[in-house]
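# Observations on the three-dimensional arrangement
Now for the letters of each chain:
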Amino acid sequence: YPPNFSATFFDILYDLPIFVKNNYQFTYMKRLLTGMALGLVTLTSQAITPLWMRDAQISPDGSMIAFCYKGDIYKVSTQGGSAIQLTTQDSYECNPIWSPDSKQIAFASDRDGNFDIFIMSANGGSAKKLTKHSSAEYPSAFTPDGKHVVFSANIQDPAQSALHPASTMTELYQVPVEGGRTRQILATPAEAVCYIKDGKSFLYQDRKGLEDEWRKHHTSSVTRDIWLYDAKTGKHTNLTNIGGEDRDPSLAPDGKTVYFLSERKGGSMNVYSMDVNAPQNIQSVTSFKTHPVRFLSVANNGLLCYAYDGEIYTQAQGGKPNKVAIDITRDDSEQLADLKVSGARSATVSPDGKQIAFLYRGEVFVTSVDYATTKQITHTPSAEQG
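So, here's what we can say about the structure. This is a predicted model, so every value here is computed, not measured. (Residues numbered from 1 in each chain as written. Predicted model: local features only at pLDDT ≥ 70, side-chain atom pairs only at ≥ 80, totals over all residues. Heavy atoms only, no water.)

### Concerning the pattern of salt bridges
A side chain with one charge can pair with a side chain of the opposite charge if their charged atoms come near. What counts is decided by this rule: The term salt bridge refers to a pairing of a side-chain nitrogen on Lys or Arg with a carboxyl oxygen on Asp or Glu at a separation within 4 Å. Only protein chains enter the accessibility calculation, which uses a 1.4 Å probe; a residue is then buried when its area is under 20% of its type maximum, exposed when over 50%, and partly exposed in between.
In this structure the tally under the stated criterion is 14 salt bridges. The salt bridge partner of K208 is D206, with a shortest N-O separation of 2.8 Å. Look at K208 and you get partly exposed, because its relative accessible area is 34%. Accessibility expressed as a relative area gives 6% for D206, which makes it buried. Salt-bridge contacts for D248 lead to R247; the nearest nitrogen and oxygen are separated by 3.4 Å.

### Things to note about unusual backbone geometry
Most peptide bonds take the trans form, and the phi angle of most residues other than glycine is negative. Here is the rule we go by: Going along the chain from the N terminus, every DSSP run of H or I of four or more residues is numbered as a helix, and every run of E of two or more is numbered as a strand.
You will see that D55, though not glycine, has its phi angle at about 55 degrees, which is positive. As for its position among the elements, D55 is in strand β1 (residues 54-58). Here D55 falls in the buried class, since its relative accessible area comes to 12%. Phi angles above zero are rare outside glycine, and F295 is one such case at about 55 degrees. Residue position: F295 is located in strand β22 (residues 293-298).

### Here we look at the sheet that holds strand β13 (residues 183-186)
Basically, it comes down to this: One requirement defines pairing of two strands: DSSP has to find at least two bridges between them. Angles shown run from 0 to 180 degrees and are taken between the N-to-C directions of axes, each axis being a line fitted to C-alpha atoms and, for helices, limited to the stretch in contact.
A sheet is described by the order of its strands in space; here four strands give the open sequence β10-β11-β12-β13, paired in antiparallel fashion. The sheet is open, and its two edges are formed by β10 (138-142) and β13, each paired on a single side. For this sheet, the mean angle separating the axes of adjacent strands, direction not counted, is 35 degrees. Bridge analysis of strand β11 (residues 148-153) against strand β12 (residues 171-176) gives six bridges, and the strand direction is antiparallel. Of the residues in β12, the one forming a bridge with H148 is P176.

All we've got here are geometric facts, nothing functional implied.
As structure tokens, then:
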């Protein structure tokens with residue numbers, strides 16, 4: 001075909017005799033390209049599962065999974081399929097948790113500046129703001145009666161606390177789902193709360209210092225452990241006292257089996273189980289390699305849910321991991337960066353006096369004297385000079 005000639009895939013396919021004179025070669029090429037065309041049609045018609053879905057949490061009834069993707073909250077059936085977008089704000093929403101009846105979802109959002117707790121129907125709609133403190137607040141669980149949302153925040157250490165008052169060393173609070181005054185539950189950092197059957201005692205993961213929670217293969221005295229808090233006696237019992245990470249406790253329907261994530265045996269983060277009354281007896285549940293398992297939760301029917309390598313999995317008791325095929329449809333637009341420039345140099349006014357070019361962090365930018373937008377002109381690894 002000559003340069004700039006426009007032809008479809010099938011035009012080329014059926015014009016092949018011009019190029020291939022041998023009948024055998026033509027038949028072979030025709031079959032090969034026809035197979036390729038059918039393969040392309042098949043590929044384009046299949047749903048593509050997005051990567052790096054975060055904060056996956058299975059609903060108590062085991063029917064749906066809530067998760068965060070690109071700063072919005074979605075839900076999808078545990079069987080997979082098209083995900084439903086529940087939040088549409090320009091802000092960042094994360095940490096969705098389900099109410100005990102699977103009818104409401106609480107989450108954190110920075111739509112008003114800092115992260116606050118919001119609650120909405122699991123079917124979507126307007127979200128109600130529950131907290132208003134200037135610190136970052138992240139939901140952890142609903143109370144078993146569904147009347148309160150439990151969350152972590154650095155608001156106020158009690159006078160008798162011996163902990164260093166650092167922003168990362170949070171306290172545990174609860175707030176009514178209808179809104180109202182918050183109440184402190186614990187002064188010690190307690191994350192990923194999971195209530196046990198008495199409705200007052202709970203499991204949690206601690207926080208001892210400033211170490212990054214996403215660091216892999218970390219072994220030290222600062223790593224997280226899983227604790228049992230007895231509400232009657234006020235006693236805290238360490239269930240996983242090892243040098244590595246143990247986190248995300250999730251109680252099975254039998255009320256005694258605890259699923260959790262751990263980097264035991266020197267490998268990747270995987271799912272393990274133990275008896276809350278005999279925590280020394282630990283069983284391996286998953287055996288993933290290379291990447292860590294994240295965001296563990298369990299439904300009332302015993303179905304496990306977690307993320308691995310950016311995708312979401314479910315796993316029945318005694319079963320094998322099952323990747324959930326998820327289809328997400330988004331109308332993404334180009335995101336504009338909001339930068340406060342300090343230190344710009346080499347500013348030059350255009351001949352018409354309507355634009356200004358300047359250097360910032362080694363790149364050339366152009367801004368208008370009439371409009372508030374600024375455009376980056378260069379994108380190079382070297383520093384520009386002017």
